[in-house]
Amino acid sequence: EPRAAWLIRWADRILVEGTVPMGDFASVLGRWGFALGAVELLRPFLGPLYAWASAVPSHAVLPLPVMVRLVVLFLKRMLKAGFRSMPCGDGAELVPEAFRADAKAEGEVVCLGGWEIGPEGDTASARWFSETLTRDSAPWVFEAGEPFRVIAALELLATLCCVVAFSPEEGGACVGSLTISGTTDNLGNKAVVSRLMTTKYPLVAVLMELAAQLLQRGLALNLHWAPRLQNMEADALSNADFRGFDMARRVRVDVGGHPWIVLPGMLASGRSLFDAVRLGK
């Protein structure tokens, strides 16, 4: 707790000042790396910080780049909320494929879909969701113009909704870390989740929320890729085609009103920061 409190104070200071001496930054980055060695789902987010520290002179005093500022803000909020530990034990339990997800963005029509692959592996007995996003429920989807421009973020949001809808709220009581696996037909997101790293907005905001949700539940996620033709059930749900699914087993995920851990704040902060970048260009 004292180490976390020190890092929170340091983050607050540089976020307010907007600049940092790079010698001090490199020194504190070592503290971050040591502290987050215990929290594997947060440690990869240090990547952009290390990249920046290695690319600039150690004697300089520099303004914080957009991505560095966003990552520091995210890590500060996670530590402040008490996310400082992960389950540990004899080993990790691997759960077979738990869900499949997909997203659609055509014109103004944006829809997310996903279903839980139970022991039977059939859609008739599966829990599932299909949610349409609007300018009111998810305004950030439409900020770049056509929603298809943020399809990677939408695909990852569908994966996030599967974690929220189908996994237990608290997984910390398990012995060891419980690893669930899911499937998407977005190959890029497989790499993003594997590395827990991206510098693209708004994809990075959705990834931060996914990491927070997994950490809260004591889970890890192996995200696999499947061609679209092998993901037809989730594709159908993203097209509001519910044939083969039991309406009584539908789960609702209110994307706009769900009590997300960091997503609204990261989207708001990222929007203002990246708007400044666009204005500069």
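All residue numbers refer to position in the chain's written sequence, counted from 1. It should be noted that, the model being predicted, local features are given only for residues of pLDDT at least 70 and side-chain atom pairs only at 80 or more, the latter also being counted only at that level, while totals for whole chains, interfaces and linings use all residues. By convention in this description, side-chain values take in all heavy atoms of the structure and omit both hydrogens and water.

Enquirer: Could you give an account of the pattern of salt bridges, naming the residues involved and the relevant values?
Expert: Put simply, a salt bridge is a Lys or Arg side-chain nitrogen that is within 4 Å of an Asp or Glu carboxyl oxygen. For the structure shown, the criterion picks out 12 salt bridges. Among the salt bridges present, the one from Glu17 reaches Arg13, with a minimum N-O distance of 3.7 Å. A residue pair is termed a helical-turn pair when its members lie 3 or 4 positions apart in one helix, as Glu17 and Arg13 do in helix H1 (residues 2-17) at four residues. Accessible area is worked out with a 1.4 Å probe on protein chains only. A residue is then buried under 20% of its type maximum, exposed over 50%, and partly exposed in between. Assessed through its relative accessible area of 47%, Glu17 is described here as partly exposed. Only DSSP runs of H or I with at least four residues qualify as helices, and only runs of E with at least two residues qualify as strands; both kinds are numbered from the N terminus onward.

Enquirer: Could you give an account of the confidence of the model for the protein chain, naming the residues involved and the relevant values?
Expert: Summary of the metric used: pLDDT quantifies the predictor's per-residue confidence within the range 0 to 100. With 93% of its residues at a pLDDT of 70 or more, the protein chain has an overall mean of 89. Within the protein chain, no element has a lower average pLDDT than strand E6 (residues 178-184), which sits at 78, and none a higher one than strand E5 (residues 128-133), at 97. The criterion used for residue contact is that any of the two residues' heavy atoms lie within 4.5 Å. The low-confidence segment residues 171-176 (pLDDT under 50) makes 15 contacts with residues lying over four places distant or belonging to another chain.

Enquirer: If you had to explain the nonpolar core to someone new, which residues and values would you point to?
Expert: Core analysis: the largest hydrophobic core is formed by 90 residues, its most contacted members being Leu112 and Leu154. With 12 residues, helix H5 (residues 151-166) is the largest single contributor of residues to this core. Not counting residues within four places of it along the chain, the set of residues in contact with Leu154 comprises Ala103, Ala105, Val110, Leu112, Leu133, Trp140, Val141 and Pro147. To define a nonpolar core, start from buried Ala, Val, Leu, Ile, Met, Phe, Trp, Tyr and Cys residues and group those joined through side-chain atoms within 4.5 Å. The next biggest cluster of nonpolar side chains, apart from the first, holds seven residues, and it includes Ala126, Trp128, Ala234 and Phe245.

Enquirer: Which residues make up helix H7 (residues 203-217), and what values do they have?
Expert: When the terminal C-alpha atoms of H7 are compared, their 21 Å separation across 15 residues agrees well with the 21 Å that a helix rising 1.5 Å per residue should span. Across the 15 residues of H7, 14 count as buried, placing the element largely inside the fold. Of the residues flanking the end of H7, it is Gly218, one or two places downstream, whose phi is positive at about 65 degrees. Working rule for helices: expected span equals 1.5 Å times residues minus one.

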